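Structure assessment
Residue-level listing of the chains:
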Amino acid sequence: MSERLPELKIDALLVSSPANVRYLTGYLGSNGILLVTKADAHFFTDPRYAIEASQQITCKVHVEKKPLLVGAGGVIKRKRFKKIGFESSWLRYEDYLKLKEELPLGSGLQPIGKVIEEQRMVKSASELDLIRRSVATNSEAYSKTIRRVHAGAREMDIAAELDYQMRALGAEKAAFETIVAAGVRSALPHAHPTAHRLGENELLLIDMGASQDGYASDMTRVAHTGEPPKRILRLYKAVLEAQLAALRSIKAGVTTGEVDAAARDVLKRHELDRAFVHSTGHGLGLEIHEPPRIARKDKTKLQAGMAITIEPGAYIDGLGGIRIEDTVLVTEHGCEVLTPTPKDFIEL
Ligand code: ZN
Ligand code: ZN
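Residues numbered from 1 in each chain as written. Chains lettered and ligands numbered in written order. Predicted model: local features only at pLDDT ≥ 70, side-chain atom pairs only at ≥ 80, totals over all residues. Heavy atoms only, no water.

Overall, mixed pairing links the four strands, which are arranged β8-β9-β12-β20 in an open sheet. A strand with exactly one partner marks an edge of an open sheet, and here the two such strands are β8 (179-182) and β20 (346-347). Judged from the six bridges that link them, strand β9 (residues 203-208) and strand β12 (residues 219-224) form a sheet pairing that is antiparallel. Within β12, the position partnered with L203 by the bridge is H224. In the packing of helix α7 (residues 125-146) onto the sheet, the strands contacted are β9, β12 and β20, and the crossing angle to β9 comes to about 150°. (Pairing = 2+ DSSP bridges. Helix = DSSP H or I, 4+ residues; strand = E, 2+ residues; numbered from the N terminus. Contact = heavy atoms within 4.5 Å. Axes fitted to C-alpha atoms, helices over the stretch in contact; angles between N-to-C directions.)

Pasting the structure below:
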C-alpha cells in the first residue's frame, strides 16, 4: 500500500476497516488499526491481542493502553506528517474528531474512498484457493441438508441445520444470516427464517454462504415440495435463462453493467423486469459484499481474477420468488462457475 501514497497525495493512510486491516496484515482480532506510511507501516492494538499480533504481523506493532487513535496520532506527530488519508466508510465521526484533536497544527485529514477495496477486487492465487474451499463447504452443507428436508420442517430449523453443517465442514461461521424462505415468503429477497413450517406444494428458497478462513461463498437455490405449478415453473425457467445469459456475458474487459443488462434483458423479454428488484451480483472475498457491484449501468470493467456472484431473481407478491445464485471466477476469456451444486428445480 505504501507505494500508492504519492498518487493519493497523502503522507500516511489510516486503515480502520477490519477487512482491509486483515488484508494488509493478516490480523484476525477485532481491535486493530493500521497506519501506512511511505516508508513503513504501524499496527496498533490493545494488550488483549499483543501475543497474536506479535505472531501474525510483520510490520511495527504498537500495543496501546490508550485509545488506538491516540497511539496513531503519536506516530503522526513524531513523524510530522501533514496529510493523513482515512477511510470515510470506516471511521466513526467521534473517532474522526478524536483523531483530529491528536494531529499537530497544520496537519489535515483527507478521505480516500475505497482504494484498498479496489485493490482487493482481483484475488491472489492463495485467496482464490480459500474462496474455492469456502464454496465447496457451502455446497456440501447444502446437499447434506436438502436431502433431509421435507414438508413440515420449520424455516428456522432448516437454517440452523445448514449453519451447523457449514461449521462441521470447516467454516468458522455463516458469511451472512442464512435465508430460508418458504411459500409466498420467498418473494421477500432478504427474508429472515421464521417458525413457518414448509407446507405441501410450497416453494423453498435457500440463500447461504460460508465464511471459511475469512473468505466468503454465496449461493441461492430453489426447491419445491411436490410438483411445482406452471406459473412458478415459468418463473424458474425465466430466471435460469437470465442467470445463464449473465454467465455467458462474463469475460475480462466487459463492464459489470453489461453483465447486469444480459440478465435484465432476458427477464424483460419474459415481462419480469419489474419483478427483478436488485442488482445482478456483487464481488465477494473477505467480505460477503465487496466491489465490484454487478449493477445497472455500472462502468467497472471485469478483470481476470475477480470473484463475483451472479444472482438474478424475480419476486411476485402473493406467489413467491425465484433466485439462482452462483459464485463465479472471472477469467480472461469467460468465467469459471465455482459453485458445483446443480441448478435444477428439485422436488422435495
Ligand atoms: Zn446470496
Ligand atoms: Zn449474493
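After that view of the structure, there is still more to cover.
So, on to the coordination of the zinc ion (ligand 2). Surrounding the zinc ion (ligand 2) are the protein donor atoms D218 (OD), H282 (NE2), E311 (OE) and E325 (OE), which sit 2.1 Å from the metal. Seen from the zinc ion (ligand 2), its four donor atoms lie at angles of 78 to 152°, and the figure they make is irregular. Between the donor residues of the zinc ion (ligand 2), the gaps in sequence give the motif D-x63-H-x28-E-x13-E. Between the zinc ion (ligand 2) and the zinc ion (ligand 1), both coordinated by D218, there is a metal-metal distance of 3.2 Å. Pair noted here: H282 is in strand β13 (residues 281-283) and E311 is in the loop between β15 (307-310) and β16 (313-316), with a separation of 29 residues, a long-range link. Side by side, H282 and E311 carry an identical accessibility label, which is buried. (Donors = N, O, S within 2.8 Å, 3.2 Å for Na, K, Ca; no water. Tetrahedral: all angles 85-135°; square planar, octahedral: opposite > 155°, others 65-115°. Buried < 20%, exposed > 50% of the residue type's maximum accessible area, 1.4 Å probe, protein only.)

Tracing the chain through its elements places T25 in helix α2 (residues 18-25). In this structure the side chain of T25 is engaged in a polar contact, spanning 2.7 Å, whose partner is the backbone oxygen of V21. At 3.0 Å, the side chain of T25 and the backbone nitrogen of Y27 are in polar contact. If we ignore the near neighbours within four places in the chain, the residues touching T25 are L34, F43, Q56 and I57. (Polar contact = N/O pair within 3.5 Å; in protein donor to acceptor, adjacent residues only side chain to side chain.)

Further remarks concern the coordination of the zinc ion (ligand 1). Protein ligation of the zinc ion (ligand 1) involves D207 (OD), D207 (OD), D218 (OD) and E325 (OE), the donor distances falling in the range 2.1 to 2.6 Å. Taken together, the four donor atoms coordinating the zinc ion (ligand 1) span angles of 55 to 149° at the metal, a pattern that classifies the geometry as irregular. Here the donor residues of the zinc ion (ligand 1) are spaced in sequence according to D-x10-D-x106-E.

This model, assessed by the stated rule, comprises five aromatic pairs. Relative to F345, the ring of Y236 has its centre 4.7 Å away and its plane inclined at 20°; by these criteria the two rings are stacked. Taken together, the positions of Y236 in helix α9 (residues 230-249) and F345 in the loop between β19 (335-337) and β20 put the pair 109 residues apart, joining distant regions of the chain. Using a relative accessible area of 8% as the deciding quantity, one classes Y236 as buried. Accessibility expressed as a relative area gives 12% for F345, which makes it buried. These aromatic residues form a ring-pair network of at least three members: Y27, F43 and Y49. (Phe/Tyr/Trp six-rings, centres within 6.5 Å; stacked < 30°, edge-to-face > 60°.)

Below, the discussion takes up a positive patch on the surface. The grouping of K268, R296, K297 and K299 at the surface amounts to a positive patch. Its location among the elements puts K268 in helix α10 (residues 256-269). When its relative accessible area of 54% is taken as the criterion, K268 is described as exposed. (Patch = residues over 30% accessible without salt bridge, like charges linked within 9 Å, V, L, I, M, F, W, Y side chains within 5 Å. Areas by Shrake-Rupley, 256 points an atom, 1.4 Å probe, with all protein chains shown as cover. Salt bridge = Lys/Arg side-chain N within 4 Å of Asp/Glu carboxyl O. Lys, Arg positive; Asp, Glu negative; His and termini not counted. Charge placed at Lys NZ, Arg CZ, Asp CG, Glu CD.)

Let us now look at the environment of R154. Relative to the assigned elements, R154 resides in the loop between α7 and α8 (155-168). What makes R154 partly exposed here is its relative accessible area of 25%. Here the alpha-carbon distance between R154 and D11, two residues 143 residues apart in the chain, equals 55 Å. Residues within four places of R154 in sequence aside, it is in contact with T194, A195, H196 and R197.

To continue, consider the domain arrangement of the protein chain. By the assigned domains, the protein chain splits into domain 1 (2-120) and domain 2 (125-347). Distance between the C-alpha centres of domain 1 and domain 2: 35 Å. At the interface, seven residues of domain 1 touch seven residues of domain 2. Across the domain 1/domain 2 interface, buried area totals approximately 620 Å², and carbon plus sulfur atoms make up 54% of it. Taken together, domain 1 and domain 2 are joined by two salt bridges. Notably, a salt bridge pairs E290 with R120, separated by 2.8 Å at the nearest N-O pair. Taken together, the connections running from domain 1 to domain 2 amount to three residue pairs in polar contact (both at pLDDT 80 or more). (Domains from an automatic or database assignment. Buried area = accessible area lost by both parts, 1.4 Å probe.)

Turning our eyes to something else, we now look at helix α4 (residues 68-79). For α4, with 12 residues, the first-to-last C-alpha span of 17 Å sits near the 16 Å given by 1.5 Å per residue. Every buried residue belonging to α4 is among L68, L69, V70, G71, A72, G73, V75 and I76, and all of these are buried. Next to the buried residues of α4 lie β1 (12-15), β2 (32-37), β3 (41-45), β4 (60-63), β5 (83-86) and α5 (93-102). Just beyond α4, the residue with positive phi is R80, at close to 55°. (Expected span 1.5 Å × (residues − 1).)

Moving on, we get to unusual backbone geometry. Going from P291 to P292, the amide bond is cis rather than trans, its omega being 0°. With phi around 55°, N201 is a residue other than glycine that occupies positive phi space. You can see N201 is positioned in the loop between β8 and β9. With a phi close to 55°, E271 is a non-glycine residue in the positive phi region. In this structure E271 comes out as exposed when scored by relative accessible area, which is 72%.

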